[in-house]
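What follows is each chain in one-letter form.
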Amino acid sequence: MKKYRKLFFAAVIAAIFIGTFVFLWQKSQPKEEVYTELTAQMDSIQKTTIITGKIEPRNEVSVKPQISGIIAELMKEPGQYVQQGEVIAKVKVIPDMGQLSSAESRVRLATMNLKQAQVDYNREEALHNQKLVSDDEFDKVRQQLRQATEERSAAEEALQVVRDGVSKSNASASSTLIRATISGVILDIPIKVGNSVINSNTFNDGTTIATVANMNDLIFRGNIDETEVGQLVIGMPMKITIGALQDMTFNAALEYISPKATESNGANQFEIKAAVRLNDISGNTSATLRSGYSANAEIVLARADNVLTVPESAIEFSGDSTFVYIIKPTNDKPEYIRTQVTTGLSDGVNIEIKSGLKVNDKVRGPQIITDDNIDE
């Protein structure tokens, strides 16, 4: 019994050893490499680039006050349309005490001079009526009275401007009324009633009362890399897509390329601008384009129509040369003939073949990955 048991265990160990040997031998055998087959065909290729930017109005104006003071009233809100000259806000003037005191002093002095001129005029008039003074002397006194009257009027107006920001003679053009300088949509009113505002002068830019823009004249502004800017030409068409407006594409035309680069994340970028057509490609005018929308612009940098193409994955690059493997059918297995080709434009998926292939030629593509390849 023990003898048969030993023979049994010896047979099991031998079977395991032989099985392991066969398995390892099979795994050591080279596996047949299988490749996809690709066909050269006539097609069109275009090289495009995507530029990230945003939508902006061409003309965006900051409306600033002509005088300093406090906002007394706001007549408009963001989003409303205003005509040029329409009142947006009203400013209450807080007079400077030094200027106010000077203006009041000027009025008092002008009043005194006017009273004296009136007395001189009355005296000269009585003497002139008695033929005791010449007409020339009387005309001089009368002219002095007119000058004194005009000076007091000017002093009173100056006092009104310092105190109230407006005088009776120029009430229609009051500097306390902040008016729109262009026609358009109010994008922003960053101030509130009660805020202090200052006018623009040599030392500061002044307080912005409102931002107004013509939303019927929009541009796309973005940056393009220096490796592609040389292929751009003024007037090139662009397609604008806006993330906030799904399934809508707008046409645009390139109208500006910056002559100077700016560095961004270690790369030189050139600013571009393009005029945007408000109707999308499908003719839909219901969408409202807003200032600051993020957008992408697609530009066709180069295009080749009706040319011989193959997928770029079939190309082997070796230095400055390019090759393909033409498939030559055989009874056993395909034969791959390495052939040099001349390539042209590429769109990243397909590439133009200028010479070395003919239409419908079969070429070797990427290797087909199987489970056996993965195990190896």
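Residues numbered from 1 in each chain as written. Predicted model: local features only at pLDDT ≥ 70, side-chain atom pairs only at ≥ 80, totals over all residues. Heavy atoms only, no water.

1. What to know about the overall build of the protein chain
The number of helices and strands found in the protein chain is five helices and 21 strands. Taking all 376 residues of the protein chain together, the buried fraction comes to 31%. Considering only residue pairs separated by 6 or more positions, the protein chain has 72% of its internal contacts joining residues 24 or more positions apart. Carbon and sulfur atoms provide 50% of the accessible area of the protein chain, an area that totals close to 23,800 Å². (Helix = DSSP H or I, 4+ residues; strand = E, 2+ residues; numbered from the N terminus. Buried < 20%, exposed > 50% of the residue type's maximum accessible area, 1.4 Å probe, protein only. Contact = heavy atoms within 4.5 Å. Areas by Shrake-Rupley, 256 points an atom, 1.4 Å probe, with all protein chains shown as cover.)

2. Details of the pattern of salt bridges
Tallied over the full model, the rule gives 13 salt bridges. Across the pair Arg303 and Asp305 runs a salt bridge, and its minimum N-O distance is 2.8 Å. Owing to a relative accessible area of 52%, Arg303 belongs among the exposed residues under this scheme. With a shortest N-O distance of 2.6 Å, Arg338 and Glu316 are connected by a salt bridge. Placement of the pair is Arg338 in strand β19 (residues 335-346) and Glu316 in strand β17 (residues 316-318), with a sequence separation of 22 residues. Note on Arg338: relative accessible area 42%, which makes it partly exposed. Bridged by salt links that share partners, the residues Lys54, Glu56, Arg221 and Glu271 form one connected network. (Salt bridge = Lys/Arg side-chain N within 4 Å of Asp/Glu carboxyl O.)

3. A look at the side chain of Glu352
As for its placement among the helices and strands, Glu352 is situated in strand β20 (residues 350-355). Lys354 provides the closest opposite charge to the buried, salt-bridge-free Glu352, at an N-O distance of 5.2 Å. Dropping the residues within four chain positions of it, Glu352 is found in contact with Ile45, Ala304, Val307, Leu308, Thr309, Thr342, Thr343, Gly344 and Leu345. (Lys, Arg positive; Asp, Glu negative; His and termini not counted.)

4. A word on unusual backbone geometry
When glycine is set aside, most residues are seen to have a negative phi, and most peptide bonds are trans. Positive phi, close to 55°, is recorded for Asn265, a residue that is not glycine. Among the secondary structure elements, Asn265 is positioned in the loop between β14 (262-264) and β15 (267-280). Here Asn306, not a glycine, exhibits a phi torsion of approximately 55°, which is positive. By secondary structure assignment, the location of Asn306 is in strand β16 (residues 294-311). Its relative accessible area of 58% is what places Asn306 among the exposed residues.

5. Here we look at the nonpolar core
By size, the foremost hydrophobic cluster in this structure holds 28 residues, and its most contacted members are Ile55, Phe220, Leu232, Met238, Ile240, Ile242 and Ile272. Looking at this core, the elements with two or more residues in it are β2 (41-57), β11 (218-225), β12 (237-242), β13 (249-257), β15 and β16. With residues near it in sequence (within four places) discarded, Ile272 still touches Ile51, Phe220, Arg221, Gly222, Ile224, Leu232, Met238, Leu254, Tyr256 and Ile299. Val63, Ile189, Ile191 and Ala210 belong to the second-largest nonpolar core, a separate cluster that totals 15 residues. (Core = buried A, V, L, I, M, F, W, Y, C linked by side-chain atoms within 4.5 Å.)

6. Some details on the side chain of Arg364
If you trace the backbone, Arg364 turns up in strand β21 (residues 362-367). For the buried Arg364, which has no salt bridge, the nearest side chain bearing the opposite charge is Glu316, at an N-O separation of 5.0 Å. Excluding residues that lie within four positions of it along the chain, Arg364 makes contacts with Tyr35, Thr36, Ala314, Tyr325, Ile327 and Tyr336.

7. Considering the packing of aromatic side chains
Under the counting rule described, the total for this entry stands at zero aromatic pairs. Note that Arg338 overlies the ring of Phe323, its terminal NZ or CZ placed 3.7 Å from the centroid. (Phe/Tyr/Trp six-rings, centres within 6.5 Å; stacked < 30°, edge-to-face > 60°. Lys NZ or Arg CZ within 6 Å of the ring centre and 35° of its normal.)

8. Side note on the environment of Ile337
Relative to the elements of secondary structure, Ile337 occurs in strand β19. Note on Ile337: relative accessible area 35%, which makes it partly exposed. The spatial distance from the C-alpha of Ile337 to the C-alpha of Tyr325 is 5.1 Å, given a sequence separation of 12 residues. When residues no more than four places from it in sequence are discounted, the contact partners of Ile337 are Val324, Tyr325, Ile326 and Lys328.

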